[in-house]
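As a plain string of letters, each chain reads:
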There are 2 protein chains.
Amino acid sequence: MDTRDRIVRSAARLFLTRSYRSVGIADLCTAADVRKGSFYHYFPSKTDLAKAVVDLHAEQLRRRLDDARTDDPAATLLAVADAVGEIHDGFERRFGRVVGCPFGNLAAELSTTDDELRAHVAGVFAGWETTMARACHDAADRGVLRTDVDPDGLAHMILAQIQGLILLAKVSDAPSAGIAPGLRALITATLREGAPT
Amino acid sequence: MDTRDRIVRSAARLFLTRSYRSVGIADLCTAADVRKGSFYHYFPSKTDLAKAVVDLHAEQLRRRLDDARTDDPAATLLAVADAVGEIHDGFERRFGRVVGCPFGNLAAELSTTDDELRAHVAGVFAGWETTMARACHDAADRGVLRTDVDPDGLAHMILAQIQGLILLAKVSDAPSAGIAPGLRALITATLREGAPT
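Here's a quick rundown of the structure. The structure displayed is predicted, hence computed values, not measured ones. (Residues numbered from 1 in each chain as written. Chains lettered and ligands numbered in written order. Predicted model: local features only at pLDDT ≥ 70, side-chain atom pairs only at ≥ 80, totals over all residues. Heavy atoms only, no water.)

1. A look at the side chain of B:Gln163
Mapped onto the elements of the fold, B:Gln163 is located in helix H8 (residues 151-172). Discounting residues that sit within four places of it in the chain, B:Gln163 has contacts with A:Gly164, A:Leu167, A:Leu168, B:Cys101, B:Gly104, B:Phe125 and B:Trp128. (Helix = DSSP H or I, 4+ residues; strand = E, 2+ residues; numbered from the N terminus. Contact = heavy atoms within 4.5 Å.)

2. A short note on the packing of helix H4 (residues 46-68) of chain B against helix H6 (residues 102-110) of chain B
Residues and elements named next belong to chain B. Running from N to C, H4 and H6 cross one another at 145°; their axes reach a closest spacing of 9 Å. Every residue of H6 that contacts H4 at Val54, His57, Ala58 and Leu61 is listed here: Pro102, Phe103 and Leu106. Grouping the constituent residues of the contact of H4 with H6 by class yields six nonpolar, one polar and no charged. (Axes fitted to C-alpha atoms, helices over the stretch in contact; angles between N-to-C directions. Nonpolar A, V, L, I, M, F, W, Y, C, P; charged D, E, K, R; others polar.)

3. Focus on the nonpolar core
Core analysis: the largest hydrophobic core is formed by 138 residues, its most contacted members being A:Leu49, A:Trp128, B:Leu49 and B:Trp128. If sequence neighbours within four positions are ignored, A:Trp128 has contacts with A:Leu61, A:Leu65, A:Val84, A:Phe103, A:Leu159, A:Ile162 and A:Gln163. (Core = buried A, V, L, I, M, F, W, Y, C linked by side-chain atoms within 4.5 Å. Buried < 20%, exposed > 50% of the residue type's maximum accessible area, 1.4 Å probe, protein only.)

4. Notes on unusual backbone geometry
Not every positive phi belongs to a glycine, and A:Asp33 is a case in point at roughly 55°. Mapped onto the elements, A:Asp33 comes out in the loop between helix H2 (25-32) and helix H3 (36-42). Exposure remark for A:Asp33: the relative accessible area of 63% places this residue in the exposed category. Positive phi values are uncommon outside glycine, yet B:Asp173 reaches one of about 50°.

5. Observations regarding the packing of aromatic side chains
With the rule as written, the count across this model stands at 14 aromatic pairs over all chains. Seen in terms of ring centroids, B:Phe39 and B:Phe43 are 6.1 Å apart; in terms of plane orientation they differ by 50°. Their pairing is tilted. Among the residues examined, B:Phe39 registers a relative accessible area of 0% and is labelled buried. Accessibility expressed as a relative area gives 1% for B:Phe43, which makes it buried. One aromatic cluster is present, built from ring pairs that chain together A:Phe39, A:Tyr40 and A:Phe43. It is B:Lys46 that lies over the ring of B:Tyr20; its NZ or CZ is 4.2 Å from the centre. (Phe/Tyr/Trp six-rings, centres within 6.5 Å; stacked < 30°, edge-to-face > 60°. Lys NZ or Arg CZ within 6 Å of the ring centre and 35° of its normal.)

6. Comments concerning the environment of B:Ala189
Mapped onto the fold, B:Ala189 is located in helix H9 (residues 179-190). Among the residues examined, B:Ala189 registers a relative accessible area of 11% and is labelled buried. Setting aside chain neighbours within four positions, we find B:Ala189 in contact with A:Arg146, A:Ala189 and B:Arg146.

7. Points about the relation of the copies chain B and chain A
Overlay of chain B on chain A (RMSD 0.0 Å): rotation 180°, translation along the axis 0.0 Å. Seen this way, the second copy is the image of the first under a two-fold rotation axis. In terms of C-alpha distance to the rotation axis, chain B has B:Gly164 as its closest residue, with the C-alpha 2.2 Å off the axis. (Least-squares fit on C-alpha atoms with pLDDT ≥ 70 in both.)

8. As for the side chain of B:Arg118
The topology assignment puts B:Arg118 in helix H7 (residues 115-141). Within polar-contact distance, the side chain of B:Arg118 engages the backbone oxygen of A:Val171 at 2.8 Å. The residues contacting B:Arg118, other than those within four sequence positions of it, are A:Arg97, A:Lys170, A:Val171, A:Ser172, A:Asp173 and B:Ser111. (Polar contact = N/O pair within 3.5 Å; in protein donor to acceptor, adjacent residues only side chain to side chain.)

9. A few points about helix H6 (residues 102-110) of chain A
An α-helix turns once per 3.6 residues; consequently, residues spaced three or four apart project the same way. With respect to burial, H6(A) is a largely interior element, nine of its nine residues being buried. Restricting attention to buried positions, one finds in H6(A) the residues A:Pro102, A:Phe103, A:Gly104, A:Asn105, A:Leu106, A:Ala107, A:Ala108, A:Glu109 and A:Leu110.

What is shown is where atoms sit, not what they do.
This is how it looks when you write it as structure tokens:
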């Protein structure tokens, strides 16, 4: 792994398990085993590093969402629920607890104080919502959504539910195992009765 | 307003519009116009202050939830949606933007680094969920919920949706006006068709 990658991966871990502001440049350099000069060569500011961390997580999410796609739109939506659950099961195995969504954590902590980073994270959420909206429109077109459910509204609702369930699990120190079933319950409630689940 | 109240109210404003860690003791003393010695007399630690800020917001929320109670359980659930929307309309008027949920912000930023504060915030969420569950059980008992919707699951789902919608509005710098309709859409989707809304 090259130096830049090592910095980004160490930072991703520290931001997730602590918070953005609680991690100083000295902590980041120690964790990545680099000198300050080298750190600033790759990342002139902590915001630049945070954006690279967001991009790393966004690429992993994109792959998960790609893997969730099937020909059956209801199954695709439920597979997204499972994929999100698996991501947090993985964090729980690595870190011993639910640590929050990498995007949601930064969104909550920094939206009001770092507009460049806020916009960067908002871009990831917008892309995620577009992917969900595509699946919701597919589901509506194939007649598996309740007719009173708006596909774009549902995409936003699912994304909000993902963020809310993860946050509640984090603050309650609850197992990650509740996240996927919670999401499935929301999605199932919007499907027509008798639709295959 | 006495000194303690002044410190708590200034801190509430600073934590909401910035973040917990971005606000130092010196900032808090300046905003409340108190000396450090006086500050530490009332709040031996920043965690103690944060807990008092949480209690202030929790008392305001409790009053809002009390006001939302009616004899009609579906109307009560929808009134909670409107009450949450109004709280964030109020923040938007005061601060010029959606600033996030006072509880959710602290939950996201501090759950992994301050277990005492995490547990305190988790207690507020647990109380909130109990209030919602009471309304959801009332709705189920009166036959206005879809029969496939579990009342306790719905209470958790509504709380998660509240948190997620507020967080998405915060990161997207979107108007608070979208929060109440988003919540209403979730609640309406769980009511039986033909139930009074």
